Amino acid sequence: MADNPQPRIQGRPTWLNIDLAAIVHNFHVAQKASGRQTVVYPVIKADGYGLGAIPIAKALAAAGAEGFCVALVEEAVALRKAGITQTLVVLSGFIPGLEQAIIDYHLQPVVFNLATAQQLSQCRREDQPAIPIHVKIDTGMGRVGFHPAKISTLLEEIDHLPGVRLVGILSHLACADELTGDSTSDQLAIFSNLINQIGQRDQSLRYSLANSAGLLGHPATRLDWTRPGILLYGASPFFPERTWQEEGLQPVVSWITHILAIREVPAGTPLGYGHDFVTQGASRIALLPVGYADGYSRQMQNRAQVLLCEQRAPVVGRISMDLTLVDVTAIPAATIGSRVTLLGKDGPEFIGIEEMASWMGTIPYETICRLSARVPRYYLPKASSTPPALD
Ligand SMILES: *Cc1c(COP(=O)(O)O)cnc(C)c1O
């Protein structure tokens, strides 16, 4: 037995390569567009839009990021536990009970109502430093935030809360992904008015309005600090009007799988659940070990393509939970074990998150957020081109 070497067990032949160098490049694009007066706090909520908040935060911190935005207290705590020491702004508020985590992990929550600020004030012990908070103003998004007319009273009330220190005021743009129309300039006008009004009593506050679309498309919204998300991950917020190439961005994610099996079938063969697809002629059909449980959405039926031997091949039949069929009749070189690109480049061909989003009937944000935890992630520059080993 001892002479028989243990066969090397390989990991899943389906994985994501995430190019941290490309994310850093895209961060530099954001910094350049923001200008010298404006700080960029990358948005890495929802586990870095599905791509991995911790490795992304580490790469961006090494590249000089001074702070990050997340949606949830839990997301910020996970970053702190991973050793991230930069400023962490929690954008989407918190429910009572999380005050202690905010204090202990030195987070900067965004506050939408006075009760929240009061709770923070009550939870802080006297020997602890004041808790920095940002206040959210609703300038037209219509979800949360204080009415701009209430700002003066609000500032006074916060002034009287011991242990809470107002450090910034922010608002969120509703329609910045439209390059024309009045909505963004209306929101900016309301916010600028408010800045002028407050500026007379407090010079130290920092203002923020711009997401990716504001930053790239509406220069006047850049203010003190910007909060870009989607551009970091290589998509233009203005797609399809503008592409990632036009923004000078680099694609970040490649999704690789390999052919698990191939079958030759005659004309008239129904394939997969529901028999939605029936072969027109004699066909070679490849089976891929990937499905909607991985985030390869069922909505892409009849639309999705994959890259194989530098060519496009159509997905046929319904996408199931773990398996997907591809017609490789036109690609004779395709064989069991052939590398298949679901996202990314293969020779001259490229499938980006914008194109996949259009097949899914959604936006690139959702396409990457839905990449499920079952798909292993590997981070460039240590990219993996062969199936990773299972330890
Ligand atoms: C998610 C989010 C952002 C980032 O938006 P992108 O469109 O991805 O740039 C900025 N600000 C707030 C408040 C957000 O919730």
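For the structure, see preceding data.
Chemist: Quick question: what am I supposed to make of the site of the ligand here?
Modeler: Surrounding the ligand, one finds V43, K45, Y49, L91, H172, N211, S212, R227, P228, G229, I230 and Y365. R227 is positioned such that a nitrogen or oxygen atom in its side chain is 2.9 Å from a nitrogen atom of the ligand. Within the contact set of the ligand, an oxygen atom lies 2.8 Å away from a backbone nitrogen or oxygen of G229. Protein contacts shield 92% of the accessible area of the ligand, which totals 390 Å² for the unbound molecule. Residues that form the shell around the ligand fall into these classes: 6 nonpolar, 4 polar and 2 charged.

Chemist: Before we go on, may I ask you to explain the environment of E354 in this structure?
Modeler: Position of E354 among the secondary structure elements: in helix α11 (residues 353-360). Taking relative accessible area as the criterion, E354 reaches 4% and is therefore assigned buried. Here E354 is in contact with G234, A235, S236, F239, W244 and P364, once residues within four sequence places are set aside. A distance of 3.4 Å separates a polar atom in the side chain of E354 from the backbone nitrogen of S236.

Chemist: Even after reading the chapter, I still don't get unusual backbone geometry, so can you show me in this structure?
Modeler: Most peptide bonds take the trans form, and the phi angle of most residues other than glycine is negative. Note the cis peptide between F239 and P240, where omega equals 5°. Within the secondary structure, P240 sits in the loop between β9 (225-226) and α10 (244-247). For the bond from L380 to P381, the omega torsion is 10°, close enough to zero to count as cis. Here P381 shows up in the segment after β20 (377-380). Notably, A46 is not glycine yet its phi reads approximately 50°, a positive angle. Tracing the backbone shows A46 in helix α2 (residues 45-49). The exposure class of A46 is partly exposed, given its relative accessible area of 36%. Phi is positive for C309, close to 50°, though the residue is something other than glycine.

Chemist: Just checking my understanding: could you explain the pattern of salt bridges for this structure?
Modeler: Pairing between side chains of opposite charge can happen when the charged atoms of each approach one another. Throughout the structure, instances matching the rule amount to 10 salt bridges. Between E247 and R242 there is a salt bridge, and its shortest N-O distance comes to 3.0 Å. On the basis of relative accessible area, R242 is assigned to the partly exposed category, the value being 23%. In this structure, R374 engages D294 in a salt bridge whose closest nitrogen and oxygen atoms are separated by 2.8 Å. Residue R374 is found in the loop between α12 (364-369) and β20, and its partner D294 is found in the loop between β14 (283-288) and β15 (305-308); the two are separated by 80 residues along the sequence. The class for D294 is buried, based on a relative accessible area of 0%. Taken together, the shared-partner salt bridges in this structure form one network comprising R12, D294, D322 and R374.

Chemist: Explain the packing of helix α1 (residues 20-34) against helix α3 (residues 53-62) to me, please; I cannot follow it from the model alone.
Modeler: Helices that pack against each other are described as a pair by the angle of their axes relative to one another and the distance between those axes. Running from N to C, α1 and α3 cross one another at 55°; their axes reach a closest spacing of 10 Å. Compared by their axis directions, α1 and α3 come out oblique. For the pair α1 and α3, the crossing hand works out as right-handed. Across the interface between the two elements, L20, I23, V24 and F27 from α1 touch P55, I56, A59 and L60 from α3. Among the residues forming the contact of α1 with α3, the class breakdown is 8 nonpolar, no polar and no charged.

So, how was this worked out
- Residues numbered from 1 in each chain as written.
- Predicted model: local features only at pLDDT ≥ 70, side-chain atom pairs only at ≥ 80, totals over all residues.
- Heavy atoms only, no water.
- Near = heavy atom within 4 Å.
- Polar contact = N/O pair within 3.5 Å; in protein donor to acceptor, adjacent residues only side chain to side chain.
- Areas by Shrake-Rupley, 256 points an atom, 1.4 Å probe, with all protein chains shown as cover.
- Nonpolar A, V, L, I, M, F, W, Y, C, P; charged D, E, K, R; others polar.
- Helix = DSSP H or I, 4+ residues; strand = E, 2+ residues; numbered from the N terminus.
- Buried < 20%, exposed > 50% of the residue type's maximum accessible area, 1.4 Å probe, protein only.
- Contact = heavy atoms within 4.5 Å.
- Salt bridge = Lys/Arg side-chain N within 4 Å of Asp/Glu carboxyl O.
- Axes fitted to C-alpha atoms, helices over the stretch in contact; angles between N-to-C directions.
- Parallel < 35°, antiparallel > 145°, perpendicular 65-115°, else oblique.
- Left-handed = near helix turned anticlockwise from the far one by under 90°.

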